[in-house]
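Residue strings, one per chain:
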Amino acid sequence: MKLIVVLAWRNLWRNRRRSLLSMSSVVFAVLIALSTRSMQLGFYARTIHNVVSFYTGYLQVHAHGYMDRQELDNSFADPDSVAALAERVPHVTLAAPRLESFALLSSDSTTDGARIVGVDPVREDRLTGLRGKLVSGRYLAPGDAGILLGSELARHLQVAPGDTLVALGAGYHAATAAGRFVVAGTLTFPIPELNTSTAWVSLPAAQAFYAAPGRATSLAVMLDDERALPGATAALRARLGRGYDVETWKTIMPEMVQYIQLDNAGGVLMLLLVYVVIGFGILGTVLTMTLERTREFGVLIAVGMKRRVLGGVVLLESVLLALQGALLGMLLAVPLLLALAAHPIVLTGQAAEALRGYGFEPILPFSLQGSIFLSQTTAVLAIALVAAAVPLVRIRRLDPVTAMRRGV
Amino acid sequence: MSRLAAAGLLLALFSSAAASAAPAPDATEIVRRADQHLRGSTGYAEYTMKLVRPGWSRELTLKSWSKGTREALILIESPARDRGMSFLKLGNEVWSWIPSVERVVKIPPSMMTQAWMGSDFTNDDLVKESSLVNDYTQTLVGDTAIAGRACWKIRMIPRPEAAVVWGKVLIWITKQDDLEMRLEYFDEDGALVNVLEMTEIRMMGGRLLPTVLTMSPRDEPGNHTVLTYRDARFDQPIADSFFSEQNMKRVR
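Worth saying up front: this structure is predicted, and the values here are computed from it rather than measured.

Analysis parameters
- Residues numbered from 1 in each chain as written.
- Chains lettered and ligands numbered in written order.
- Predicted model: local features only at pLDDT ≥ 70, side-chain atom pairs only at ≥ 80, totals over all residues.
- Heavy atoms only, no water.
- Helix = DSSP H or I, 4+ residues; strand = E, 2+ residues; numbered from the N terminus.
- Buried < 20%, exposed > 50% of the residue type's maximum accessible area, 1.4 Å probe, protein only.
- Areas by Shrake-Rupley, 256 points an atom, 1.4 Å probe, with all protein chains shown as cover.
- Arc of directions from axis to C-beta.
- Domains from an automatic or database assignment.
- Contact = heavy atoms within 4.5 Å.
- Buried area = accessible area lost by both parts, 1.4 Å probe.
- Salt bridge = Lys/Arg side-chain N within 4 Å of Asp/Glu carboxyl O.
- Polar contact = N/O pair within 3.5 Å; in protein donor to acceptor, adjacent residues only side chain to side chain.
- Nonpolar A, V, L, I, M, F, W, Y, C, P; charged D, E, K, R; others polar.

Along its length, chain B carries 4 helices and 13 strands. Across the 252 residues that make up chain B, the buried fraction comes to 54%. For chain B, the accessible surface area stands at approximately 10900 Å², while carbon and sulfur atoms represent 50% of it.

Three or more residues of helix α3 (residues 79-87) of chain A are buried, namely P79, V82, A83 and A86 of chain A. With its buried residues spanning 100 degrees around the axis, α3 of chain A presents them on a single face.

All names here are of chain A. By domain assignment, chain A separates into domain 1 (2-52 + 257-406) and domain 2 (57-252). Here the C-alpha centroids of domain 1 and domain 2 sit 50 Å apart. The partner domain 2 presents 9 residues to the 11 residues of domain 1 that form the contact. Roughly 820 Å² is buried in total at the junction of domain 1 and domain 2, and carbon and sulfur atoms are behind 71% of that figure. Taken as a group, I48, V52 and V257 account for 58% of the area that domain 1 buries against domain 2, more than any other trio of residues on that side. Along the contact surface separating domain 1 from domain 2 lie 0 salt bridges.

Moving on, we get to the interface of chain B and chain A. Every contact between the two is made by 17 residues of chain B and, on the other side, 20 residues of chain A. Taken together, both faces of the contact between chain B and chain A bury some 1400 Å²; the carbon and sulfur share is 55%. For the pair chain B and chain A, the number of links is 2 salt bridges. Ionic pairing is found between R103 of chain B and D108 of chain A, a salt bridge with its closest N-O pair at 3.9 Å. Counting every contact that joins chain B to chain A gives 9 residue pairs in polar contact (both at pLDDT 80 or more). Looking at the side of chain B that touches chain A, the elements with two or more residues in it are β2 (56-67) and β6 (103-106) of chain B. Counted by class, the side of chain B that touches chain A contains 9 nonpolar, 2 polar and 6 charged residues.

Quick look at the structure:
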């Protein structure tokens, strides 16, 4: 056994150039597989982050039963305490309370239905970048009496900042909701629904309007990492207890989950293609190596070396090469991916325009998720070991005389 | 549901209850008579509306004036937050005056099927003229007693051309005094949707009236709305100008 190891090790360094060439094919294979998957996962994480930043947040806290009946009567009291509690959960960066319902908005000329959302202006801006969507007028101050309108809604109502709107609707516990709001500003979003039928007021103004003092219908929660979602959900559920429901973006936006699943299927297919290319690359170097050494194998068998021992030596060579290659590949991938994660590839042209249109930064982000190092390196190692079967088959079938004479 | 407009919110009146001794059991005639008894020249009422929901309830006090079937005005007196709000019905249209924003708003067609003031009555219930006579085909299906009063039970199926949301309405009318005691509203699949029950029959404003009306939607077991009349007056002259946008802002 020791002999096999010694022989294999010596064989590797006997033809240094050949070994390095074989190893480099594994190194590049690992690099390519790792960076491909890292880019895919990075893109999904980024997309999820972008989408939850439009409105929903990664998580939402509601009073129990709110998702089935989205009414003010299913609101909860003391949102500040609930937000403070949520913000103590690890990975939670922000919890923004909202009080929202539908009401009629009337200008002097016309009336339109809208979702009027009461928000904490500072937190809402940190969550959705609301202030950055402003196209005219000013943003809300905490406790503001003004109203922000989606640009299409403002256009339909024929109002501009400074004009007064009357809002009418049903409040908490069947109270009448009636109020006057001065238009503070208008906002433009890439999502039609926010443009055409949504209005924002400060939380206290919404509470007064809906006759729901000190209440909120939802708490949108942001995380620093999408992967913390299951843990944060469980922690929130445990801390809040039965009176509350905690929903993830996956249940709030099931269509988004489907989109990502669909896209990921394409991504996995692409990854399989990468594996095929990698596999043939490694197979090529192994075949060359086997052909080169056919004469050597013939001599060894002719002088009495057992085929099994020879096979073991060659297999061990492959394993050592693949392991070293994989290790080296990982070592090279870490700084590469770290650099790409810190300085994502900036897109240009039409792709960039399309992403900007949705309010996304036109970049290709990379994921540093630890599990992909393990999974991709394992996959490449498996491919390399399958390729190692080639010399084994040759050794088994080898006729030493022909091999020595003609090298086949 | 249209009956509610008359019987419930707008307070209909009952005609002089000259003992209807003729027991001719013609269903259409019974319904027409009960209906006519709700149509005075004018009506005025003070009442409370209590919404009962699981875990909470809300009570409003209101006044209403009506003239014939086409004109009505409702004023909310309490709670304080809604005090001074008024609703004006002219024909098929309803306007609302909201003093806190000093604005008269016409209730858009899309909101007519929504709850009126959060109750189990809809905006539509305010508007619809009594159509139990004209929009339905009445058939006498039996007689039973409700609260010790002998009643005709009449099945009403909407006429094909009528704009009615119900598939069937059952109504119980007392054999004496032509009082409506109970209505059951069924959807087009034959499922019971709403039940309106009239109780506490006594003299008010010189007439025998059911003074408590309870509307119970069947799909929400914990919910119901109770109208309780405190006062009623009939046949007092009201000028047409009373039912106007100007007056809905200043009526007290």
